[in-house]
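Below, each chain spelled out in residue letters.
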Amino acid sequence: MAEEQKQQLFTEQLKRIIAEKRERLRRPVRYHITTMGCQMNARDSEKLSGVLSEIGCAETDSEDADILLFNTCTVRENANEKLYGHLGIVKHFKKVNPDMLIGICGCMMQEKDEVLRIRQKYHFVNLVFGTHNIWKFPELLYACETEKQRVFDVEEQRDAFRDHMPVKRKLRFKSGVNIMYGCNNFCTYCIVPYVRGREQSREPEDILAEVRALVADGVKEIMLLGQNVNSYGKTLERPVGFADLLRRVCRVQGLQRVRFMTPHPKDLSDDLIAAIRENPKVCRHLHLPLQSGSTGILRRMNRRYTKEAYLSLVDKIKRELPDVGLTTDIIVGFPGETEEDFQDTLDVVRRCHFQSAFTFIYSKRSGTPAASFEEQVAPEVVADRMKRLIELVQSQAGTVADRDQGNVMPVLVEEEDSHAEGYLTGRLGNNLMVHFPGDRSLIGEIVDVELTESKGFYYMGRRKE
């Protein structure tokens, strides 16, 4: 509570500073947050936006803002280079507006070499902080505004949960809720455990209190967030499994939909499948990262399951949840991947009938064990394999979507269709999008829609009243 009160004092001081700046500029003080990476980063950006809105700033769509924040991802090295590309552009904005404040946060700022690079080569960057101390944002912003010096504040590890920050949601009727932070899996290609830290779970009562508050504020759909939600509760003094947490969340009055992201195949229990089956509030969508269909490659990745175990799990899921929409992640060209290994991946895809798949070409990530692996796969071989994989995934996606054509299903209406005037866009429980004629007054509502035409990755429909 002491830290929460301290940050609130800084927030009150920032309100005065922003009001004075607004009067001097004779216009609103504009802010923009560029978010890179996963849903957890998106949730963090909503917290940063909440603070900036509370102190009196106005959000703008342009990076040419008075306060510009980059919330970074570092899963792949090209994500780092993407940031530097942005910085090359906004440097010119700062020449025109010397009072512009540029800040960088997120996973990339948990890497010492990257922080040093920013400090030494990007002198126009004013503020740097990481994932473990985002809660100090009011204090750090106040220091930048009053001391007129660069502020670098990065903690090596998270010492406690401080989820007291205000939140400005992108959609008033949907919200993410962090249930845990960090990861203990140490897949050989992944930097996340090194930048997000080891697993730490929030107390269930704190999570439930946040969910209740969100529902009271008009939220209809909650997404429970963690690097590996199946590991939830293992670090608590009184361990609580993820399946039990899911059941308790579903009992919150007024909550209509629950999603979660992301489960790990090695930890997905029969009890979790039962919890999904028992609770109609849980959306019938399961993202189950495969990464490779080859047991040998999975071993080199340190995924700790086999091809056969994955297929057995999918069979069980589809038997118990026949209406589930199954999606996945697949890496092509991991070091040592042979054509036989790749054929195993294609075999799993054929047998699982994924609704969609996020496909990635393996790229070295410095700081991970796989970066030093020998037997790198030739780029032309990887490109050919990726092409064949995408063709297979796309051909199957249409077949999977066709099964619901003609059905009437509940859709959460999210926004006006950007491609067709008079149409709305919404999302099914299985996560597929639906476009149908309707009035914008329906945004945020769950309505019944007849799926009149399958387009493979989305549907056209009409509302059934």
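Reading the values: the criteria
- Residues numbered from 1 in each chain as written.
- Predicted model: local features only at pLDDT ≥ 70, side-chain atom pairs only at ≥ 80, totals over all residues.
- Heavy atoms only, no water.
- UniProt positions renumbered as here; feature names shortened; annotations may be inferred.
- Helix = DSSP H or I, 4+ residues; strand = E, 2+ residues; numbered from the N terminus.
- Buried < 20%, exposed > 50% of the residue type's maximum accessible area, 1.4 Å probe, protein only.
- Contact = heavy atoms within 4.5 Å.
- Areas by Shrake-Rupley, 256 points an atom, 1.4 Å probe, with all protein chains shown as cover.
- Polar contact = N/O pair within 3.5 Å; in protein donor to acceptor, adjacent residues only side chain to side chain.
- Pairing = 2+ DSSP bridges.
- Axes fitted to C-alpha atoms, helices over the stretch in contact; angles between N-to-C directions.
- Core = buried A, V, L, I, M, F, W, Y, C linked by side-chain atoms within 4.5 Å.
- Phe/Tyr/Trp six-rings, centres within 6.5 Å; stacked < 30°, edge-to-face > 60°.

An unreviewed UniProt entry annotates the chain as tRNA-2-methylthio-N(6)-dimethylallyladenosine synthase originating from Moryella indoligenes. Entered under Subunit (unreviewed entry) in the UniProt record, the comment concerning the chain runs "Monomer."

Let us now look at the overall build of the chain. When you go through the chain residue by residue, the secondary structure sums to 13 helices and 19 strands. Dimensions of the chain along its principal axes, counting C-alpha atoms only, are 60 × 60 × 50 Å. Taken over 465 residues, the chain has a buried fraction of 56%. Partitioning the intrachain contacts of the chain with sequence separation of at least 6 by distance along the chain shows that 74% fall at a separation of at least 24. When the accessible area of the chain is evaluated, it comes to approximately 20800 Å², of which 48% is carbon and sulfur surface.

Position of E210 among the secondary structure elements: in helix α7 (residues 204-216). Only 2.7 Å separates the side chain of E210 from the side chain of R202, close enough to count as a polar contact. Leave out the neighbours within four places in its chain, and E210 touches R43, G176, V177 and R202.

The next thing to look at is the sheet that holds strand β17 (residues 433-437). Strands sit in the order β15-β16-β17-β19-β18 around a closed barrel of five strands; the barrel is mixed. Sheet twist, expressed as the average angle between the axes of neighbouring strands with direction ignored, equals 55 degrees. Sheet topology note: the strand β18 (residues 446-454)/strand β19 (residues 458-463) ladder contains five bridges and is antiparallel. Paired with S454 across the strands is Y459, a residue of β19.

With that settled, the discussion passes to the environment of E308. The topology assignment puts E308 in helix α11 (residues 307-320). Residue classification places E308 among the exposed residues on the basis of a relative accessible area of 53%. As for E308 and L140, which are separated by 168 residues in sequence, their C-alpha atoms are 50 Å apart.

Strand order in the open sheet formed by three strands is β7-β10-β11, with parallel pairing between adjacent strands. Each edge of the open sheet is held by one strand with a lone partner, namely β7 (174-178) and β11 (257-261). The average undirected angle you get between the axes of adjacent strands in this sheet is 25 degrees. Of the pairings in the sheet, the one linking β7 to strand β10 (residues 221-225) comprises five bridges and is parallel in character. Following the sheet pairing, V177 is matched in β10 by L224. Lying over the sheet, α7 contacts β7 and β10, oriented at roughly 170 degrees with respect to β7.

Ranked by size, the top nonpolar core spans 70 residues in total, and within it L224, F242, L246 and F260 carry the most contacts. When residues of this core are assigned to their parent elements, the largest contribution, six residues, is made by helix α8 (residues 242-250). In terms of nonpolar packing, the next biggest core, distinct from the first, is built from 26 residues, V29, L52, L101 and C105 among them.

Here the focus is the packing of aromatic side chains. Applying the stated criterion to the full structure yields 10 aromatic pairs. With 5.3 Å between their ring centres and 50 degrees between their planes, F10 and Y142 make a pair best called tilted. Pair noted here: F10 is in helix α1 (residues 2-25) and Y142 is in helix α5 (residues 137-147), with a separation of 132 residues, a long-range link. You can call Y142 partly exposed: its relative accessible area is 21%.

Looking now at the pairing of β19. Bridge analysis of β17 against β19 gives three bridges, and the strand direction is parallel. Within β19, the residue paired with M433 across the bridge is Y458. In this antiparallel pair of consecutive strands, β18 and β19, the connection spans three residues, and G456 shows a positive phi of 90 degrees.

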